[in-house]
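# Structural overview
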Amino acid sequence: RPRKTASAFLTIWLISLGTGCAAGKRENCENSSASDINQIVKNALAVFLGRLDGIDLRVELAPGLPAIQVDPEQFKRVVVNLVDNAAEAMRDAPVKHLLLRTLPSAPDSIELLVADTGCGISPEDKEKLFLPYFSTKGRGTGLGLAIVSHILSEHGARVRVEDNRPAGARFYVDIPATVAAEAEA
């Protein structure tokens, strides 16, 4: 057991070397810049061109959102991993709907929602979802959501998962006011 835990942390640490962030703080991210979350979402979806066939994709991007101080390539990776997981979760679903939405949240924060109508996530799995090497997929590495969580924490953002009704999962990425305020300064 300790060996797997050490291996998981080593893996995440190695991945973090490629993020350009030091000490897990967004102000130390060398590629951090004032970025448009809507453009990041569009760039991430471009990766899936022709790969989301059979999925009803709905994209709702709120206009006029403030810039966020992030590494846009790392945040693109977050969106790609979330969309990839959603598509995989819907592989055998009779109804395949995928929603990506950006909107202002609370007084000074931005929210990104990725919602699918896939198989959903059990309550037991939700507790382990962001741990390295945990996967509900037979062919998954268990690193995708761990990477998402790591990148977000480096940028002062966070992710939570909820059930989607009537089926699937909803992943909310919350970018706090301090991130948006720093981008405008």
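Everything discussed here concerns the structure shown above.
First, a word on what this report is: a plain description of the structure on this page. Because the structure is predicted, anything quoted here is derived from the model rather than measured. (Residues numbered from 1 in each chain as written. Predicted model: local features only at pLDDT ≥ 70, side-chain atom pairs only at ≥ 80, totals over all residues. Heavy atoms only, no water.)

## What to know about the overall build of the protein chain
Where we set the bar: Secondary structure elements are taken from DSSP: a helix is a run of H or I of four residues or more, a strand is a run of E of two residues or more, and numbering for both begins at the N terminus. Contact definition: two residues touch when any of their heavy atoms are within 4.5 Å. With residues, only the protein chains shown are counted as cover, and all accessible areas are computed by Shrake-Rupley using a 1.4 Å probe.
A tally of helices and strands in the protein chain yields six helices and seven strands. Seen in sequence order, the protein chain has helices and strands lined up from the N terminus as α-β-α-β-β-α-β-β-α-α-β-β-α. Taking all contacts inside the protein chain whose residues are at least 6 apart in sequence as the whole, residues at least 24 apart take part in 71%. When the accessible surface of the protein chain is totalled, it reaches about 9800 Å², and 53% of it is carbon and sulfur.

## Focus: unusual backbone geometry
The step from R165 to P166 runs through a cis peptide bond, and the omega angle for that step is 10 degrees. Non-glycine residue Y133 carries a positive phi angle of around 70 degrees. In this structure, Y133 sits in the loop between α4 (123-128) and α5 (144-154).

## Some details on α5
Threshold: Summary of the burial criterion: residues with accessible area below 20% of their type's maximum are buried, those above 50% are exposed, and those between are partly exposed, where the area comes from a 1.4 Å probe applied to protein chains only.
In terms of burial, α5 is a largely internal element, eight of the 11 residues being buried. Inspection of α5 places L145, A146, I147, V148, H150, I151, L152 and E154 among the buried residues, and these make up the whole buried set. The positive-phi residue at the C-terminal boundary of α5 is G156, with phi of around 75 degrees.

## Points about the pattern of salt bridges
This is how the line gets drawn: A pair is scored as a salt bridge if a Lys or Arg side-chain nitrogen falls within 4 Å of a carboxyl oxygen belonging to Asp or Glu.
In this structure the tally under the stated criterion is eight salt bridges. Two residues, K126 and D163, come together in a salt bridge whose shortest N-O distance is 2.6 Å. Here D163 lies in strand β6 (residues 158-163) and K126 lies in helix α4, a separation of 37 residues in the sequence. Residue classification places K126 among the partly exposed positions, given a relative accessible area of 23%. Judged by relative accessible area, which is 34%, D163 ranks as partly exposed. Note that R165 and D163 form a salt bridge whose closest N and O atoms lie 3.9 Å from each other. Taking the relative accessible area as the measure of exposure, R165 reaches 67% and is therefore exposed.

## Focus on the packing of aromatic side chains
Inclusion rule: Within 6.5 Å between ring centres, the rings of Phe, Tyr and Trp (the latter by its six-membered ring) count as paired, and their orientation is classed by plane angle as stacked under 30 degrees, edge-to-face over 60, tilted in between. Cation placement over rings: the criterion is NZ of Lys or CZ of Arg within 6 Å of the ring centroid and within 35° of the ring normal.
As enumerated under the stated definition, the model contains one aromatic pair in all. A ring pair is formed by F130 and F171, whose centres lie 6.4 Å apart and whose planes are at 85 degrees; its orientation type is edge-to-face. Taken as a pair, F130 in the loop between α4 and α5 and F171 in strand β7 (residues 169-175) lie far apart in primary sequence, 41 residues in all. The class for F130 is partly exposed, based on a relative accessible area of 21%. The class for F171 is buried, based on a relative accessible area of 7%. The ring of Y172 carries R160 above its face, with NZ or CZ at 4.2 Å from the centroid.

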